[in-house]
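Listed below, chain by chain, are the residues.
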Amino acid sequence: LGSNSFRLHIGRHDGDTIRIIKSARDPIRLGAGLDSKGNLTAAAMESAIESLGRFNSILSSYPLSAVRVVATNTIRIAKNAAVFLPAAEAAIGYPIEIISGEEEGRLIYMGVASTLSQNERRLVLDIGGGSTELILGKGPKIEQVESFSIGTVPQSLAFFANGVIDAAAFDAAILSARSRFEDAVPLYKSDLWSNAYGSSGTMRAIADAVSKNGVGDGLLTLKSLEALKR
């Protein structure tokens, strides 16, 4: 249950891997439903509960031996999460576990590592709706994981609320982001890893914008990111 979207995956063990047999995504942008006091609004909670009810219908169509429902940053920080959770659990039909940013990073890394055979040193970056995770590891082993409370939803609301991206707003957004990350830079400097990987929706959206529009060199490189920024 993310800050940008709710996602559901049903998988079946197939040898050493898990084969996905059903997926669903609901882009409800829960993170935008926090009011000025840090509470989820009634409208945001209603939208989330409706989404979970739809997920419940999907889950009930499959014989499941295990289910895990996890909530991330928005529900971590919502001051009225205790009010929201009982209704949310009733809608989905299962307990909801609010995981820490570090556990979120661990799960992200495990997912990425499971698709890669190399025993390389790697950096994994996940830009979410409410938080961003950086994970350093080698092969299946995690060496460093950090979660930063900065994501696409609060950044877009704070700096691009009217949907217009101009140079001044972009510079302000970069300064804001840099202030969150700068202390951790030594932990993830480039000589500690050989390849970097991005996961989840924001990274996919950036990659699609670059490749489908032929921006820069058409690949997800620093050159293309600079071209996309311009």
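Refer to the structure presented above.
So, here's what we can say about the structure. (Residues numbered from 1 in each chain as written. Predicted model: local features only at pLDDT ≥ 70, side-chain atom pairs only at ≥ 80, totals over all residues. Heavy atoms only, no water.)

### What to know about helix H1 (residues 42-59)
As a reminder, the rule being used: Under the DSSP-based scheme used, a helix requires at least four consecutive residues in state H or I and a strand at least two consecutive residues in state E, with every element numbered from the N terminus. Helix span is expected to be 1.5 Å times the residue number reduced by one. Relative accessible area decides the class of each residue, using a 1.4 Å probe on protein chains only: under 20% of the type maximum gives buried, over 50% gives exposed, and in between gives partly exposed. By arc we mean the arc of the directions from the helix axis to the C-beta atoms, nothing more. Contacts between residues were defined by any pair of non-hydrogen atoms, one from each residue, lying within 4.5 Å.
Between its first and last C-alpha atoms H1 spans 26 Å; for 18 residues at 1.5 Å apiece the expected length is 26 Å, and the two agree. Of the positions making up H1, those classed as buried are Ala44, Met45, Ala48, Ser51, Leu52, Phe55 and Leu59. Relative to the axis of H1, the buried residues are bounded by an arc of 125° and lie together on one face. Exposed residues pointing more than 90 degrees away from the buried face of H1 are listed as Ala42 and Ala43. Buried positions along H1 lie against strand S1 (6-14), strand S2 (17-26) and helix H3 (81-92).

### Regarding a nonpolar patch on the surface
The criterion, for reference: Each patch groups residues whose relative accessible area exceeds 30% and which form no salt bridge, using 9 Å between like charges and 5 Å between nonpolar side chains of Val, Leu, Ile, Met, Phe, Trp and Tyr. Surface exposure here means Shrake-Rupley accessible area, sampled with a 1.4 Å probe, where a residue is shielded only by the protein chains that are shown. Salt bridge, as used here, is a side-chain nitrogen of Lys or Arg placed within 4 Å of a carboxyl oxygen of Asp or Glu.
Together, Leu220, Leu225 and Leu228 make up a nonpolar patch on the protein surface, roughly 230 Å² of accessible area in all. Along the chain, Leu225 turns up in helix H8 (residues 222-229). Taking relative accessible area as the criterion, Leu225 reaches 38% and is therefore assigned partly exposed.

### Brief notes about helix H6 (residues 167-181)
With 15 residues, H6 ought to run about 21 Å at 1.5 Å a step, and its terminal C-alpha atoms sit 21 Å apart, in line with that. Along H6, the residues classified as buried are Ala169, Ala173, Ser176 and Ala177. For H6, the buried positions fall inside an angular range of 95° around the axis, keeping them on one side. In this structure, H6 carries Ala167, Ala168 and Leu175 as exposed residues pointing more than 90 degrees from its buried face. At its buried positions, H6 is contacted by helix H5 (152-159).

### Structural notes on the pattern of salt bridges
Counting across every chain of the model gives 8 salt bridges. Within the structure, one salt-bridge network assembled from shared partners comprises Arg68, Glu97, Glu103 and Arg106.

### Here's the deal with unusual backbone geometry
Phi is positive for Arg29, close to 50°, though the residue is something other than glycine. With respect to the helices and strands, the residue Arg29 is situated in the loop between S2 and H1. The partly exposed category is assigned to Arg29, whose relative accessible area is 36%. Backbone geometry at Ser200 places phi at a positive 80°, although glycine is not the residue there. The residue Ser200 is located in helix H7 (residues 200-212) in this model.

### Overview of the sheet that holds strand S6 (residues 132-138)
Convention followed: Paired strands are those between which DSSP finds at least two bridges. Simply put, an axis is a line fit to the C-alpha atoms, just over the touching stretch for a helix, and the angle between two N-to-C directions goes from 0 to 180 degrees.
Taken in spatial order, the 4 strands of this open sheet run S7-S6-S5-S8, and their pairing is mixed. The sheet is open, and its two edges are formed by strand S7 (141-148) and strand S8 (195-199), each paired on a single side. Neighbour-to-neighbour, the strand axes of the sheet open up by a mean angle of 15°, direction not taken into account. Pairing between strand S5 (residues 121-127) and S6: 7 bridges, direction antiparallel. Residue pairing for S6: Asp126 is matched across the bridge by Glu133. Seen against the sheet, helix H4 (residues 101-113) touches S5, S6, S7 and S8 and runs at an angle of roughly 55° to S6.

### A closer look at the packing of aromatic side chains
Each aromatic ring pair is summarised here by two numbers: the centre-to-centre distance and the angle between the ring planes. Selection criterion: Centres within 6.5 Å are what make two rings of Phe, Tyr or Trp a pair, Trp counting through its six-membered ring; a difference in plane orientation under 30 degrees is then read as stacked, over 60 as edge-to-face, and the rest as tilted.
With the rule as written, the count across this model stands at 2 aromatic pairs. Ring centres of Phe148 and Phe181 lie 4.6 Å apart, and the angle between their planes is 50°; on these two criteria the pair is classed as tilted. A residue pair is termed long-range when its members are at least 10 positions apart, and Phe148 in strand S7 and Phe181 in helix H6 qualify at 33 residues. On the numbers, 6.3 Å between centres and 65° between planes, the contact of Phe160 with Phe170 is edge-to-face. Pair noted here: Phe160 is in the loop between H5 and H6 and Phe170 is in helix H6, with a separation of 10 residues, a long-range link. Looking at Phe160, the relative accessible area reads 19%, which means it is buried. Overall, Phe170 belongs to the partly exposed group, its relative accessible area being 24%.

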